[in-house]
Amino acid sequence: MAALARIRTGLWALVAVVAVAAAGFYAYTSMTSSAEAAGLGHGDYQLHTVGGEAFTRDSFNGHPSVLFFGFTHCPEVCPTSLAEIASWYETLGDEAKNLNAYFVTVDPERDTAAVLSDYVAWTGKVTGVTGDPAEIEKATKAWAVYAAKVPLDGGDYTMDHTASVFLLDNKGEFSGTIAYREDNATALGKLRNLLAKS
Amino acid sequence: MNRVLRTALAAAILIVTPAFAHNGVVHLGPLNISVPFTRATLPNAPVGGGFFTVENTGTEADRLVSASSSVAKDIQIHSMAMEGDVMKMRELPDGLEIPAGETVVLSPGGFHLMFMGLNQAFVEGETVTVTLTFEKAGTVDVVLPVMTSAADAPAASEHAH
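Here the structure is a predicted model, which means the values were calculated and not measured.

Enquirer: Just checking my understanding: could you explain the overall build of chain A for this structure?
Expert: Helix and strand counts for chain A come out as five helices and nine strands. Relative to its full complement of 198 residues, chain A shows a buried share of 36%. Taking as baseline every contact in chain A between residues at least 6 positions apart, the subset at least 24 positions apart corresponds to 65%.

Here you go:
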């Protein structure tokens, strides 16, 4: 009888230990994942805009921003995303007057400032950003952006790349994404939220 | 006898019948090619996409093996897919199969022609002519109207916004 009671106590103790461990593990993972999200984009990348100005992590300070990584040899995703960004500005009008937009190339070898400048200039809003390939790599790493060359017939190449639009608050902190071809109303809602808190 | 005659007739039709367009649909043997379009290219963009739908009304599979145009140095047949938030594009070196009795759609976000090394920008409102070659049905010219840079469909079938 006493032995049975001891076993029961022992089992309850085990349950308690497991519960505490689970709670601790949950707290730990939720803490680390929010810390990672908060750190997204942090890094010492030294890029430049197509206008020749330095572009670093600090360039995001003071304004909410949308940020897209793409390249000019991109037949579909990049033109579509640029057109959507331009349409958001058009819809939001004055609401978006403090919103900055950046198109950072993942293909700096082909996307020189001259090439990229005209590619984005028609939007009237989006600033093209390029730089040394090693610095671009630092930036894509900082933003956890996937970018990889894929060879094509004839020696050319295309690129696989993350196609989401990043939303940044006025301190340059990551504040969410708009997925490729996300529903327009949802995208505008996300932008209005960003603008409201910035 | 009957079968030989039918085959011969079919062969004769294949040889003598030129591709013709009817209600915007280009017919090439058992293939119906419809809703062709492309998108206006952005300044300095060296590439463009071509889109259309191919219906194979025949009993044999065919294959889109190549495409060419005077507006581009090269045209490749590509697939595109999103894996998570990553866009992945792949060349289809063996072309694109059009199974018997099925319809294959080339559209933004999926299969497409990739015009590479553009000799000229694609301007909204203009057209681009592309020559398509199918393994069995042969070769046909298709005119792609140039839509906006983010169009999902040609004008006639685009939803009103």
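Enquirer: How should I be thinking about the overall build of chain B in this particular structure?
Expert: The secondary structure content of chain B amounts to one helix and twelve strands. Secondary structure elements of chain B occur, N-terminal to C-terminal, as α-β-β-β-β-β-β-β-β-β-β-β-β. Counting every position in chain B, which comprises 161 residues, the buried fraction comes to 35%. Pairs at least 24 apart in sequence give 66% of the contacts found in chain B among residues at least 6 apart.

Enquirer: Whenever I open this one, the sheet that holds strand 2 (residues 54-55) of chain A confuses me. Can you help?
Expert: By way of backbone hydrogen bonds, the strands of a sheet pair with one another, either parallel or antiparallel. Residue and element names in this part refer to chain A. Read across the open sheet, the seven strands follow the order 2-1-5-4-3-8-9; overall the sheet is mixed. The outermost strands of the open sheet, each flanked by one partner alone, are strand 2 and strand 9 (174-178). Where strand 1 (residues 47-49) and strand 2 come together, two bridges link them in antiparallel fashion. Looking at strand 2, one finds that His48 is bridged to Ala54. Where helix 2 (residues 77-92) meets the sheet, it contacts strand 3 (65-70), strand 4 (100-105), strand 5 (126-130) and strand 8 (165-168), and its direction lies at approximately 165° from that of strand 3.

Enquirer: Just to check I follow, could you spell out helix 3 (residues 113-121) of chain A for this structure?
Expert: Given 3.6 residues per turn, any residue in an α-helix points the same way as the ones three and four places further on. Of the positions making up helix 3 of chain A, those classed as buried are A:Val115, A:Leu116, A:Tyr119 and A:Val120. Viewed along the axis of helix 3 of chain A, the buried residues span an arc of 110°, placing them on a single side of the element.

Enquirer: Looking at this structure, how should I read the environment of A:Asp132?
Expert: Looking at where A:Asp132 falls in the secondary structure, it is placed in the loop between strand 5 and helix 4 (133-142). For A:Asp132 and A:Leu47, which are 85 residues apart along the polypeptide, the C-alpha to C-alpha distance reads 7.1 Å.

Enquirer: I would appreciate a short explanation of the interface of chain B and chain A in the present structure.
Expert: It is common to report an interface's size as the accessible area lost on association of the parts. On the chain A side, the residues contacting the 26 residues of chain B number 29 residues. Partitioned by chemical class, the residues of the side of chain B that touches chain A number 15 nonpolar, six polar and five charged. Bridge count for strand 7 (residues 157-162) of chain A against strand 7 (residues 86-91) of chain B is two bridges, and the pairing is antiparallel. Bridge pairing in strand 7 of chain B links A:Thr162 to B:Val86.

Enquirer: Any chance you could explain the UniProt feature "binding site: Cu cation" (unreviewed entry) in chain A here in plain terms?
Expert: Per the UniProt record, the feature "binding site: Cu cation" (unreviewed entry) sits at A:Cys74, A:Cys78 and A:His161. Of the residues just listed, which span 88 residues, no C-alpha pair is farther apart than 10.1 Å, and they cluster in one region. Along the chain, the position of A:Cys74 falls in the loop between strand 3 and helix 2. As for its placement among the helices and strands, A:His161 is situated in strand 7. Among the residues examined, A:His161 registers 26 C-beta atoms within 10 Å and is labelled buried. Not counting residues within four places of it along the chain, the set of residues in contact with A:His161 comprises A:Phe69, A:Gly70, A:Val106, A:Val145, A:Tyr146, A:Ala147, B:Val86 and B:Met87.

Enquirer: Explain the pairing of strand 6 (residues 72-83) of chain B to me, please; I cannot follow it from the model alone.
Expert: Residues and elements named next belong to chain B. Pairing of strand 6 with strand 10 (residues 112-118), which is carried by six bridges, proceeds in the antiparallel orientation. From the neighbouring strand, Ile75 faces strand 10, where its bridge partner is Phe115. Once strand 6 ends, the chain turns through two residues before running back antiparallel as strand 7, passing Gly84 with a positive phi of about 65°.

Enquirer: Where do I start with the packing of helix 2 of chain A against helix 5 (residues 184-197) of chain A in this structure?
Expert: When two helices pack together, you describe them by how their axes are tilted relative to each other and by the distance separating the axes. Residues and elements named next belong to chain A. Helix 5 packs onto helix 2 with a crossing angle of 65° between their chain directions and a minimal axis gap of 11 Å. As summarised for this structure, helix 2 and helix 5 are arranged roughly perpendicular, according to the angle between their axes. Crossing geometry of helix 2 relative to helix 5 is assigned as right-handed. For the pair formed by helix 2 and helix 5, the contact residues are Trp88, Thr91 and Leu92 on the first element and Ala187, Leu188 and Leu191 on the second. Residues of the contact of helix 2 with helix 5, tallied by class, amount to five nonpolar, one polar and no charged.

Enquirer: What exactly am I supposed to notice about the pairing of strand 12 (residues 138-147) of chain B here?
Expert: It is a general feature of regular strands that their side chains alternate between the two faces of the sheet. Residue and element names in this part refer to chain B. Inspection of the sheet shows strand 3 (residues 31-39) paired to strand 12 by two bridges, in the parallel sense. Bridged to Thr38 within strand 12 is Val146. Of the pairings in the sheet, the one linking strand 11 (residues 127-134) to strand 12 comprises eight bridges and is antiparallel in character. Pairing of Val128 across the sheet is with Leu144, part of strand 12. Counting the residues between successive antiparallel strands, the hairpin from strand 11 to strand 12 contains three residues.

Thresholds applied
Residues numbered from 1 in each chain as written. Chains lettered and ligands numbered in written order. Predicted model: local features only at pLDDT ≥ 70, side-chain atom pairs only at ≥ 80, totals over all residues. Helix = DSSP H or I, 4+ residues; strand = E, 2+ residues; numbered from the N terminus. Buried ≥ 20, exposed ≤ 12 C-beta atoms within 10 Å, placed from the backbone. Contact = placed C-beta atoms within 7 Å. Pairing = 2+ DSSP bridges. Axes fitted to C-alpha atoms, helices over the stretch in contact; angles between N-to-C directions. Arc of directions from axis to C-beta. Nonpolar A, V, L, I, M, F, W, Y, C, P; charged D, E, K, R; others polar. UniProt positions renumbered as here; feature names shortened; annotations may be inferred. Parallel < 35°, antiparallel > 145°, perpendicular 65-115°, else oblique. Left-handed = near helix turned anticlockwise from the far one by under 90°.

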